[in-house]
Amino acid sequence: MTTLCRVLGVNRSTYYKFRNRKDSRRDVENRELRAKILALYIKSDKRLGSQKMTECLAREYRIHISCGRVYRLMKTMNLPKMSTFKPPKQKSNSNAEGGICKNLLQQQFKPEKPKMAWVCDFTYIRASSRMLRICIYKII
């Protein structure tokens, strides 16, 4: 051990002090808080941020801590975030003459020949900072 400490440039007493140290009261408290935060996070279906989590901790466990501390604990836990972003609504006027979408099918879902009508719908999905469009179509 003496040779290893000399090579690493660490005092032997520092190594043994680090090896034999006990967790501080704050570390133990943070570990318990992380377990409670994770339980509430799973219970809420990944929808709680630090502010709501602070309120839930106070209500469920009677733990009163700051929102900043909850934020720091949640950040160190690397919890995945549930997206609450809604894409902007696209304005369309299909009834007006010269509108964006014309109803060519006229609710006739049984065409005379196969592959006469293609029907599609699309939606937006947020991926990191971009909005991706997914289009699904069906041949009638």
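Residue positions are given per chain, counted from 1 along the sequence in the order it is written. Side-chain atom pairs in this predicted model are given and counted only at pLDDT of 80 or more, local residue features only at pLDDT of at least 70, and totals for whole chains, interfaces and linings cover all residues. As a rule here, side-chain values come from all non-hydrogen atoms in the structure, and water together with hydrogens is ignored.

> Lay out the packing of aromatic side chains with the relevant residues and their values.
The pairing test for Phe, Tyr and Trp rings, Trp by its six-membered ring, is centres within 6.5 Å, and the orientation test on the planes gives stacked under 30 degrees, edge-to-face over 60, and tilted for anything in between. Inspection of every chain in the model, using the stated rule, returns 1 aromatic pair. Pairing Tyr15 with Tyr16 gives two aromatic rings, centres 5.1 Å apart and planes at 65 degrees, and the pair type is edge-to-face. When its relative accessible area of 33% is taken as the criterion, Tyr16 is described as partly exposed. Note on exposure labels: buried denotes an accessible area under 20% of the residue type's maximum, exposed denotes more than 50%, and partly exposed covers the range between, all computed with a 1.4 Å probe on protein chains only.

> Talk me through unusual backbone geometry; I want residue IDs and the actual numbers.
The phi torsion at Asp45 lies on the positive side, around 60 degrees, for a residue other than glycine. Helix and strand assignments follow DSSP, with helices taken as H or I runs no shorter than four residues and strands as E runs no shorter than two, numbered in order from the N terminus. With respect to the helices and strands, Asp45 occurs in the loop between helix H3 (25-43) and helix H4 (50-61). Positive phi, close to 60 degrees, is recorded for Lys46, a residue that is not glycine. Take Lys46: it is sitting in the loop between H3 and H4.

> Summarise the pairing of strand S2 (residues 130-139); cite the residues concerned and give the values.
Within S2, only 0 of the 10 residues are buried, which leaves it mostly out in the open. Pairing of strand S1 (residues 118-127) with S2, which is carried by 10 bridges, proceeds in the antiparallel orientation. When the sheet's bridge partners are listed, Ala127 is paired in S2 with Arg130. Here, strands pair whenever DSSP counts at least two bridges between them. Counting the residues in the hairpin turn of S1 and S2 gives 2 residues, including Ser128, whose phi is positive at 55 degrees.

> Mind laying out H4, listing which residues take part and the relevant values?
Under the convention used throughout, the expected extent of a helix is 1.5 Å for every residue step, that is, one less than its residue count. Here H4 contains 12 residues, and its C-alpha end-to-end distance of 16 Å stays within 8% of the 16 Å for a straight helix at 1.5 Å per residue. The set of residues buried in H4 consists of Ser50, Met53, Thr54, Cys56 and Leu57. When H4 is viewed along its axis, its buried side chains cluster within an angular range of 165 degrees and face the same direction. Along H4, the residues that are exposed and aim more than 90 degrees away from the buried face are Gln51 and Arg59. Buried residues belonging to H4 abut H3 and helix H5 (67-77). Looking at the residues trailing H4, positive phi occurs at Arg62, about 60 degrees. Our arc is simply the arc of the directions from the helix axis toward the C-beta atoms. Contacts were defined at the residue level, with two residues in contact if any of their heavy atoms lie within 4.5 Å.

> Any details on the packing of H4 against H5? Residues and values, ideally.
Helix packing geometry: the angle between the two helix axes and the distance between the axes. In this analysis an axis means a line fitted to C-alpha atoms, helices contributing only their contacting stretch, and an angle means the value between N-to-C directions, from 0 to 180 degrees. Viewed as axis vectors pointing N to C, H4 and H5 meet at an angle of 110 degrees, and their least axial separation amounts to 9 Å. By the criterion of interaxial angle, the relationship of H4 to H5 is roughly perpendicular. Counted together, Ser50, Gln51, Met53, Thr54 and Leu57 of H4 and Cys67, Val70, Tyr71 and Met74 of H5 form the full contact between these two elements. Looking at the contact of H4 with H5 residue by residue, the class counts come to 6 nonpolar, 3 polar and no charged. By definition in this entry, angles of less than 35 degrees are roughly parallel, angles greater than 145 are roughly antiparallel, angles of 65 to 115 are roughly perpendicular, and the rest are oblique. The nonpolar class holds Ala, Val, Leu, Ile, Met, Phe, Trp, Tyr, Cys and Pro. Asp, Glu, Lys and Arg form the charged class, and all remaining residues, Gly among them, are polar.

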